[in-house]
Amino acid sequence: MKVGIPTETQPGENRVAMVPAVAGSVIAAGHQLVVQSGAGTASGYPDADYQAAGATVVPSGAEVLGGSDMILKVQVPSMAEAGALREGAALIALFSPGRRLDEVRALAGRRVTSFSLELLPRTTRAQSMDALSSQSTVAGYRGVLIAANRLPRFLPMFMTAAGTVAPAKFLILGAGVAGLQAISTARRLGAVVSAYDVRAASKGEVESLGAKFVDLQLGTAEGAGGYAAEQAEETQRRQREALAPFVAASDVVITTAQIPGRPAPVLVTAEMMKGMRAGSVVVDLASDTGGNVEVSRPGEEVDHDGVAVIGVSNPASALPTHASQLYARNLANLLALMTKDGAFVPDYEDDIVAATVVTRDGEVVHGPTRELAGAAW
Ligand SMILES: NC(=O)c1ccc[n+]([C@@H]2O[C@H](COP(=O)([O-])OP(=O)(O)OC[C@H]3O[C@@H](n4cnc5c(N)ncnc54)[C@H](O)[C@@H]3O)[C@@H](O)[C@H]2O)c1
């Protein structure tokens, strides 16, 4: 099978879907690998390294898109890219199909068999393909470094001849994959860390990393597949009320809360931030899906009464070398599940394949996406 790696074209996207170190295993599995020249440049992977790994580097994106049996991408193809795909080709990417209906429709129109890694079940067997986890790990780490860089204070405690410096207090809201990585990173830098989540398992996970769990005594909100469920408006109001003193007492608040397929819940309102000391920092890692912080804007820093509110857009893209390395390994593992002796033979009875397929045979087959688009399919 000819596997193609085009350059990502979405503004601000620095990652690439394949790295030279993983390319070798894709080729060893019997595939031909074709990489657009410059595809890895923004991630720190030059063309020569792909060639050394056995890939063919071609000058144009059109050649990759139109000439491959399987396209591996980070973002969903743009409308123009979808139009350039070979009819009947396959695609694996990390896109929220429910928020990219036009592109999904275009993929179905080209009879592309597409798979979105966001839909992967969070099971032990799927762990090595779990791109949400690998990219959230990068996001959580990055969020702490952004805050540390912006904070006008030390993170660790210092006892010096010039006096004692108290450690910075971090509050992490949402203790999933990104939140747990944020806790570890902030702890390594010497901050005192507290965290809150609505899932029952999170207390133990937070405490195992040496952070204090903030127990609001509001019960849990468990959804399907190990995810959180959306809470009723009244519960959300009580949650914000109970969180307010913890937010006020923090030098840094990092928010990571998400509900699959829904806008991110608002956990920090402008009113709650009034209690924060000037110079404090709020980093919203959920800003691309609506934001956990009322006043945050994706990709922007907002000054709110002396508190810096940073809405981080696509945080994984800011560490593209390692984000791409992990993502490429996730993709190679999913590809291996769907191919045999170099041929594309997806087993639609397999729970991983069945969960991730979005378009097939000219149809949108992912139920929730199909529903969002209405009966027009
Ligand atoms: N293979 C596996 O078994 C596997 C792999 C990865 C993750 N997981 C599990 O899946 C779950 C989801 O992980 P994720 O990081 O992708 O989740 P996510 O990105 O969907 O959400 C991030 C966190 O926000 C939390 N959250 C949602 N609403 C909230 C609210 N109102 N207040 C506070 N917190 C809120 C969620 O509970 C979650 O922990 C976790 O339990 C994780 O451990 C399992």
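Being a predicted model, the structure only gives us computed values, none of them experimental.

Colleague: Where do I start with the overall build of the protein in this structure?
Modeller: Each helix and strand counted, the protein has 13 helices and 19 strands in total. Expected size for 377 residues packed as a compact globule is a radius of gyration near 21 Å; at 22 Å, the protein falls within 12% of this value. With respect to the principal axes defined by its C-alpha atoms, the protein has extents near 65 × 50 × 35 Å. Across the 377 residues that make up the protein, the buried fraction comes to 47%. Of the contacts formed within the protein by residues at least 6 apart in sequence, a portion of 64% connects residues at least 24 apart.

Colleague: Explain the domain arrangement of the protein to me, please; I cannot follow it from the model alone.
Modeller: By a widespread convention, an interface's size corresponds to the accessible area lost as its parts come together. Segmentation of the protein into domains returns domain 1 (2-119 + 320-376) and domain 2 (137-313). A separation of 33 Å is found between the C-alpha centroids of domain 1 and domain 2.

Colleague: When you look at the sheet that holds strand β5 (residues 90-93) in this model, what are you seeing that I'm missing?
Modeller: Where strands meet in a sheet, backbone hydrogen bonds hold them as pairs that are either parallel or antiparallel. Strand order in the open sheet formed by eight strands is β3-β2-β1-β4-β5-β6-β18-β19, with mixed pairing between adjacent strands. Every other strand in the sheet has two partners, leaving β3 (56-58) and β19 (363-364) as the edge strands with one partner each. When strand β4 (residues 70-72) meets β5, the two strands line up parallel, connected through three bridges. Across the sheet, residue isoleucine 71 finds its bridge partner in β5, namely leucine 91. Of the strands in this sheet, β5, β6 (113-116), β18 (357-360) and β19 are in contact with helix α5 (residues 101-109), which crosses β18 at around 45 degrees.

Colleague: Teacher, can you tell me more about the nonpolar core here?
Modeller: The nonpolar side chains of a soluble globular protein tend to be buried with one another. Counting 114 residues, the largest nonpolar core has Met18, Phe170, Ile172, Ile183, Ile254 and Val282 as the members making the most contacts within it. Residue contacts for isoleucine 183: discarding those within four places in its chain leaves Ile172, Ala175, Val193, Ala195, Val206, Leu209 and Ala211.

Colleague: How should I be thinking about the sheet that holds strand β9 (residues 169-173) in this particular structure?
Modeller: Taken together, the seven strands give an open sheet; going across it, the order is β11-β10-β9-β12-β13-β15-β14, and neighbouring strands pair in mixed fashion. The sheet is open, and its two borders are formed by β11 (212-213) and β14 (301-304), each paired with just one other strand. Relative to strand β13 (residues 281-284), strand β12 (residues 252-255) is paired through four bridges, and the arrangement is parallel. Residue pairing in the sheet places threonine 255 in a bridge with aspartate 284 of β13. Contacts from helix α7 (residues 177-188) reach β9, β10 (192-196) and β12, with the element oriented near 170 degrees to β10.

Colleague: Would you mind showing me how to read the environment of arginine 105 here?
Modeller: Position of arginine 105 among the secondary structure elements: in helix α5. A count of 17 C-beta atoms within 10 Å places arginine 105 in the partly exposed class. Separated by 23 residues in sequence, arginine 105 and alanine 82 have C-alpha atoms that sit 9.6 Å apart.

Colleague: How should helix α9 (residues 233-248) be read in this particular structure?
Modeller: Residues spaced three or four apart along an α-helix face the same direction, because each turn holds 3.6 residues. For α9, spanning 16 residues, the distance from its first C-alpha to its last is 22 Å, which sits close to the expected 22 Å at 1.5 Å a residue. At alanine 242, α9 is bent by approximately 30 degrees, the largest bend along its length, and proline proline 245 sits one to four residues beyond. Buried residues of α9: Gln239, Leu243, Phe246 and Val247, and no others. Buried residues along α9 sit in contact with β9, β10, β12 and α10 (270-273).

Colleague: Looking at this structure, I do not really get the site of the ligand. What am I missing?
Modeller: The local shell around the ligand holds 31 residues, among which Gly174, Gly176, Ala228, Ala257 and Gln258 are the closest. Secondary-structure elements contributing two or more residues to the shell around the ligand are α6 (131-150) and α7. Looking at side-chain class alone, the shell around the ligand contains 15 nonpolar, 12 polar and four charged residues.

Colleague: I would appreciate a short explanation of the pairing of β5 in the present structure.
Modeller: Residues in a regular strand point their side chains to alternate faces of the sheet. Neither face of β5 is open: one carries Ala90 and Ile92, the other Leu91 and Ala93, and all of them are buried. In this fold, β4 hands off to helix α4 (residues 79-84), which returns the chain to β5; that crossover is right-handed. Each parallel crossover has a hand, and for β5 linked through α5 to β6 it is right-handed.

Criteria and cut-off values
Residues numbered from 1 in each chain as written. Predicted model: local features only at pLDDT ≥ 70, side-chain atom pairs only at ≥ 80, totals over all residues. Helix = DSSP H or I, 4+ residues; strand = E, 2+ residues; numbered from the N terminus. Rg over C-alpha atoms; globule rule 2.2 N^0.38 Å. Buried ≥ 20, exposed ≤ 12 C-beta atoms within 10 Å, placed from the backbone. Contact = placed C-beta atoms within 7 Å. Domains from an automatic or database assignment. Pairing = 2+ DSSP bridges. Axes fitted to C-alpha atoms, helices over the stretch in contact; angles between N-to-C directions. Core = buried A, V, L, I, M, F, W, Y, C linked by C-beta atoms within 7 Å. Expected span 1.5 Å × (residues − 1). Bend = angle between axes of the 7 residues up to and from the residue. Near = placed C-beta within 6 Å. Nonpolar A, V, L, I, M, F, W, Y, C, P; charged D, E, K, R; others polar. Right-handed = clockwise from strand over helix to strand, strands pointing away.

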